[in-house]
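Chains, contacts and geometry: an overview
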2 protein chains.
Amino acid sequence: MFEKFDLTKTVDDKTFDTSLPALKEKLGILQRTLRDQNIPTIIVIEGWNAAGITMSTHGIIQSLDPRGFTLHATDKPGDEERARPFLWRFWVKTPATGRIAIFARSWYSRALAEKLSNVSWKKLLKDEIISINNFERQMSDSGAIIIKFFLHISKDEQKMRLLERERNPLTAWLVTPRIWDFHHHYETYLPIIDEFIENTDTVYAPWHVIEATDRKYTILKVYSQLVKTLEKRAAAAPGELSGKRKLKASASPPKNPVRRRSSAVSSYSKEECQKTLDNLQIEMLELHYLLFKRKIPFIIVYEGWDAAGKGGNITRLARHMNPLGYHVLPVSAPNDYEKNHHYLWRFIRHFPKAGHFAIFDRSWYGRVLVERVEGLCSEPEWQRAYREINEMEQDYVTSSGGGIIKFWLEIDKDEQLKRFRQREADPLKQYKITEDDWKNREKWDLYEPAVNEMLARTSTRHAPWIVIESDDKWYARVKTLKNVIRYAGDLL
Amino acid sequence: MFEKFDLTKTVDDKTFDTSLPALKEKLGILQRTLRDQNIPTIIVIEGWNAAGITMSTHGIIQSLDPRGFTLHATDKPGDEERARPFLWRFWVKTPATGRIAIFARSWYSRALAEKLSNVSWKKLLKDEIISINNFERQMSDSGAIIIKFFLHISKDEQKMRLLERERNPLTAWLVTPRIWDFHHHYETYLPIIDEFIENTDTVYAPWHVIEATDRKYTILKVYSQLVKTLEKRAAAAPGELSGKRKLKASASPPKNPVRRRSSAVSSYSKEECQKTLDNLQIEMLELHYLLFKRKIPFIIVYEGWDAAGKGGNITRLARHMNPLGYHVLPVSAPNDYEKNHHYLWRFIRHFPKAGHFAIFDRSWYGRVLVERVEGLCSEPEWQRAYREINEMEQDYVTSSGGGIIKFWLEIDKDEQLKRFRQREADPLKQYKITEDDWKNREKWDLYEPAVNEMLARTSTRHAPWIVIESDDKWYARVKTLKNVIRYAGDLL
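Overview of the structure. (Residues numbered from 1 in each chain as written. Chains lettered and ligands numbered in written order. Predicted model: local features only at pLDDT ≥ 70, side-chain atom pairs only at ≥ 80, totals over all residues. Heavy atoms only, no water.)

Some remarks on the overall build of chain A
Note the following rule: Strands are runs of DSSP state E lasting at least 2 residues, helices are runs of H or I lasting at least 4, and numbering of each runs from the N terminus. Only protein chains enter the accessibility calculation, which uses a 1.4 Å probe; a residue is then buried when its area is under 20% of its type maximum, exposed when over 50%, and partly exposed in between. In what follows, residue pairs with any heavy atoms lying within 4.5 Å of each other are defined as contacts. Working convention for charge: Lys and Arg count positive, Asp and Glu count negative, and His plus the chain ends are omitted. Every charge is mapped to an atom, namely NZ of Lys, CZ of Arg, CG of Asp or CD of Glu.
A count of helical and extended segments in chain A gives 21 helices and ten strands. C-alpha atoms of chain A, sized along the principal axes, occupy 85 × 50 × 40 Å. Expressed as a percentage of its 492 residues, the buried residues of chain A come to 55%. Counted over contacts in chain A with a minimum sequence separation of 6, partners at least 24 positions apart contribute 83%. Across chain A, 77 positive and 67 negative side-chain charges occur, with their mean positions spaced 1 Å apart.

Examining the relation of the copies chain A and chain B
To keep it simple, the criterion reads: Residues below a pLDDT of 70 in either copy are left out; the C-alpha atoms of the rest, at least 70 in both, set the least-squares superposition of the copies.
Mapping chain A onto chain B is achieved by rotating through 180 degrees and translating by 0.0 Å along the same axis, at an RMSD of 0.0 Å. The relationship between the two copies is best expressed as a two-fold rotation axis. Of every C-alpha in chain A, the one belonging to Asp79 of chain A sits nearest the axis of rotation, 3.1 Å from it. Here 100% of the contact residues of chain A are again contact residues in chain B; the copies associate through an equivalent surface.

Overview of the nonpolar core
Applied cut-off: Here the nonpolar core consists of buried residues drawn from Ala, Val, Leu, Ile, Met, Phe, Trp, Tyr and Cys, with membership extended through side-chain atoms lying within 4.5 Å.
Counting residues in each nonpolar core, the largest one holds 282 residues, and the members touching the most others are Trp107 and Trp364 of chain A together with Trp107 and Trp364 of chain B. Setting aside its immediate chain neighbours within four residues, Trp364 of chain B contacts Ile299, Val301, Tyr343, Leu344, Phe347, Phe351, Ile389, Met392 and Glu393 of chain B.

Observations regarding the pairing of strand β1 (residues 41-47) of chain B
Residue and element names in this part refer to chain B. Operational definition: Only when DSSP finds a minimum of two bridges between them are two strands counted as paired.
Here β1 lies mainly inside the structure; seven of its seven residues are buried. Burial along β1 is two-sided: Thr41, Ile43, Ile45 and Gly47 and Ile42, Val44 and Glu46, pointing in opposite directions, are all buried. Judged from the five bridges that link them, β1 and strand β3 (residues 100-104) form a sheet pairing that is parallel. Across the sheet, Ile42 pairs through a bridge with Ala101, a residue of β3. With seven bridges connecting them, β1 and strand β4 (residues 145-152) associate as parallel partners. Among the inter-strand pairings, Thr41 is bridged to a residue of β4, identified as Ile145.

With respect to the pattern of salt bridges
The test is simple: When a carboxyl oxygen of Asp or Glu is within 4 Å of a side-chain nitrogen of Lys or Arg, the pair counts as a salt bridge.
Taken as a whole and assessed by the stated rule, the structure comprises 67 salt bridges over all chains. Taking the shortest distance from any N to any O, the salt bridge between Asp36 of chain A and Arg35 of chain A comes out at 3.5 Å. Since its relative accessible area comes to 37%, Arg35 of chain A is described here as partly exposed. Of the charged contacts, one joins Glu187 of chain B and Lys155 of chain B as a salt bridge, the two residues approaching to 3.3 Å between their closest N and O atoms. Residue Glu187 of chain B is located in helix α9 (residues 186-199), and its partner Lys155 of chain B is located in helix α7 (residues 155-167); the two are separated by 32 residues in the primary sequence. You can call Lys155 of chain B partly exposed: its relative accessible area is 23%. Connected through salt bridges with shared partners, the residues Lys9, Glu211 and Lys221 of chain A form a single ionic network.

Section: helix α20 (residues 444-458) of chain A
All names here are of chain A. For clarity, the threshold we go by: Helix span is expected to be 1.5 Å times the residue number reduced by one.
Between the first and last C-alpha of α20 there are 21 Å, a value that for 15 residues agrees with the 21 Å anticipated at 1.5 Å per step. Here α20 has its buried residues at Trp444, Tyr447, Ala450, Val451, Glu453, Met454, Leu455, Ala456 and Thr458. In this structure, the buried side of α20 is in contact with α16 (370-373), α17 (379-400), β9 (403-410), α18 (413-425), α19 (435-442) and β10 (465-469).

Section: the sheet that holds β3 of chain B
Residues and elements named next belong to chain B. Rules: All axes are obtained by fitting lines to C-alpha atoms, using only the stretch in contact for helices, and the reported angles, taken between N-to-C directions, cover 0 to 180 degrees.
Spatially, the five strands line up as an open sheet ordered β2-β3-β1-β4-β5, and their pairing is parallel. In this open sheet, the two edge strands, each paired with only one partner strand, are β2 (69-73) and β5 (207-211). Averaged over all neighbouring strand pairs, the angle between strand axes comes to 20 degrees, with direction disregarded. Helix α5 (residues 107-115) rests against β1, β3, β4 and β5 of the sheet, and its axis sits at about 45 degrees to β1.

A short note on the pairing of strand β6 (residues 298-304) of chain B
All names here are of chain B. Among the seven residues in β6, seven count as buried, and that is most of the element. Residues of β6 alternate between two faces, with Phe298, Ile300, Tyr302 and Gly304 on one and Ile299, Val301 and Glu303 on the opposite face, all of them buried. With five bridges joining them, β6 and strand β8 (residues 357-361) adopt parallel strand pairing. Among the inter-strand pairings, Phe298 is bridged to a residue of β8, identified as Phe357. As judged from the seven bridges shared by β6 and strand β9 (residues 403-410), these two strands associate in the parallel manner. Paired with Ile299 across the strands is Ile404, a residue of β9.

Describing the packing of helix α8 (residues 177-184) of chain B against α9 of chain B
Residues and elements named next belong to chain B. Using the following cut-off: Oblique is the label for any angle not under 35 degrees, not over 145, and not in the 65 to 115 range, which are roughly parallel, roughly antiparallel and roughly perpendicular in turn. Asp, Glu, Lys and Arg are counted as charged, while Ala, Val, Leu, Ile, Met, Phe, Trp, Tyr, Cys and Pro are counted as nonpolar; the rest, among them Gly, fall into the polar class.
The geometry of α8 relative to α9 is characterised by a closest axis approach of 5 Å and an angle of 75 degrees between their N-to-C directions. When the axis of α8 is compared with that of α9, the two are roughly perpendicular. On α9, the residues touching Phe182, His183 and His184 of α8 are Tyr186, Glu187 and Tyr189. Considering only residue class, the contact of α8 with α9 consists of three nonpolar, two polar and one charged.

Here's the deal with the sheet that holds β9 of chain A
All names here are of chain A. The strand order β7-β8-β6-β9-β10 describes an open sheet built from five strands, whose pairing is parallel. Each edge of the open sheet is held by one strand with a lone partner, namely β7 (326-330) and β10. Each neighbouring strand pair of the sheet contributes to a mean axis angle of 20 degrees, computed without reference to strand direction.

A few points about the interface of chain A and chain B
Put simply, the test is: Buried area counts how much accessible surface, traced with a 1.4 Å probe, disappears from two parts once they are put together, with both parts' losses summed.
Residue-level contacts link 47 residues of chain A with 47 residues of chain B. Regarding the contact of chain A and chain B, the summed buried area is about 4400 Å², with carbon and sulfur atoms giving 64% of it. Where chain A touches chain B, the interface holds two salt bridges. Note that Arg67 of chain A and Asp361 of chain B form a salt bridge whose closest N and O atoms lie 2.9 Å from each other.

Now the structure itself:
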């Protein structure tokens, strides 16, 4: 792909001086338009070392209101970032609605920097391309604009610029041996980058390769591409673009129905249960130490009917774990800050770091449960969510080396009613029952198909759903702990 | 202080078995009461290595709903944390209203670990005591409960426990040479810790030293102290405790009035201004590189009348900086998530890391401006804020080695009216003027004394206010840049 670019392109001063001010003004206006339309924008600026990434970034932001964008200068990951899956650090930086996130270097540079040193880099990079394309498609589907630039210069040009930087005492220290090393292997990296770009050049997140030899030409081309793309999008009626990739509603029933039942085949007395739990606890504590030592993270998701016993189950499970090695994340309706981001954003931010457990009390599955049933998102949105969630979970497992297990706590409708009444009658438990619980109960029949479809479409090899028969809460607690031990143990 | 503790205390099994269940139940109920009363709780568990910090933590959380607390296991700081002032990493972890934050080790262990290796550790620790006391007082004043435990064991007991851990293959790797080293210097550290505890034992955040030789005794005492403290607080009428330390309203006028004026003595034409700015820009860029290289952070605060030109001023200032080295933080009313924290929390989280600039477009001074004028906080709250802000800024400067400069953009009432009308008349600028602006303008006379008091009471040597005469916006821009260069340059 690179060979088709003419690196000798320049622009004369007159064209530059007459074209730029108009583009700058347009960009400023576009920023405000996109803000008013609540559209988040992601701008990626990549390129060879010394190709002008800082200069181009500086150029763009001249016209932007600094209160409306955030610039992320991507470099080596921090230790919080290194302890999490590769894309995590970028996910958490995705812009809120109406804001612009500019990435000066991005997941592309980091994927190259972090994978190429590995012997199996070809395979790793291939996996990364899938993850990146999924990530960008999900962003785009949620309404974000993504624009990617690659600043292209020749090896000779690069050498000249690096030498120039070395001569300036203010910038000399920035030219590290690593940068020279990369320069000397320019020809080796060229086809790798070429392929990387080609495989991530998509309709929803296209690349613009910029011939970056002449600085004025570079600035002008970056500006005009940016303005062109944003203008097109700002002019489109809201929702029009995302509508294009609308999925057909799945009329057919799910292919792999997951059997649900609320009462277990066997049962335990409270005493038997306690004894079994005591034995399992030792296993669990040892397992927890080993996962911590080997830096393997693990995610546990709890979903289930109201009053199915999620709270009690989580409390009991947590007792068997090292308190320093897990976090419980209670999930309720998103607050106004969270609502301004991709629906997965608020969960991904809380993903556990290497060696830790995260227990989600309700989760991203809200999208296909409460949000679907209550009409809090559109049908295309929840239809799309099954795939998005599967991709996200698979990517998590692959890139973190960790695991995900999901528990569905099942009780039947009569049992729920019994428990609701018990709660109302007990002064110590009254706080557990609210108006909302009764309202949700009225919608039981709407939740039924949503639960079935969720279990069928998102129970995967890497992140299975386990139905916990919860009419008998002692049985439920033992089964949960056993499954955590089994699935987390498999990771060792 | 330590000598008065009898480390041979034990508890018999019967007392333990009869007392604990009742305490556990009480703690569970208290958690819900405090949640309903929106009281945040901070529990600090400190102590000698192997004194039982993990065990005690584990003990406490047995009775807590895991969805309502977060456990912070404090260890070496991550690189994001290391790049910021000492207390930053704890500030950002302070609990939201109704939640409990448990710190297994805390700012105390870290202060010792990070300061003792320095030759001037005595001075450093003394400074830290002031910072910590301020931090805890501020938390308490905002309504938080703070309970601190120190688990005390003898040197012999510690040795026995460390050897025991080494014998267990699951825990052996946790006993590092550093821990043995600390053990061998037990007698050296004892008086230092003693003094540290004594100097941070305050009415608002008292220490409880626990004789931690007998494990059951330890658990029981931690539990009963915890329950006792929380019960006392849960029983108090809301607001009663914070009222006790209510400040008297300052009836007397501020002592160091800061002169404000809106029109400058000298002025620039747009062309002169451009030329001066061009020259200053070179200085600014060099300065920015040097601050980055030496890892010095810098905070710039903008406050001022509506239409005084904050936005334009920030945009121009930002243009002269390296785009990778600063963040602009637009501040508006706190969202519901932020409202559940201490009012300084949402700003402190965004403090710049070492080598970076943070530009706050409006700031924590909202507490003594809009929140005071609009009655969004009580009078004791904004009265207290002057001191809290001064402490916070001073602590920032001392502990980060960085600087803070604050600009007040002054225009007079007529000039504001002129600008409002211009904005309304210009289709490109209409977006800048809203209903709120007109409403705020009506309250000009209420803002006047608030501005005066703020400037007088919070202009300090370490974080001065600079009044920017902004009737002439070109003059204002030059003066701002000059002052940033001057104050940031002083840090080199």
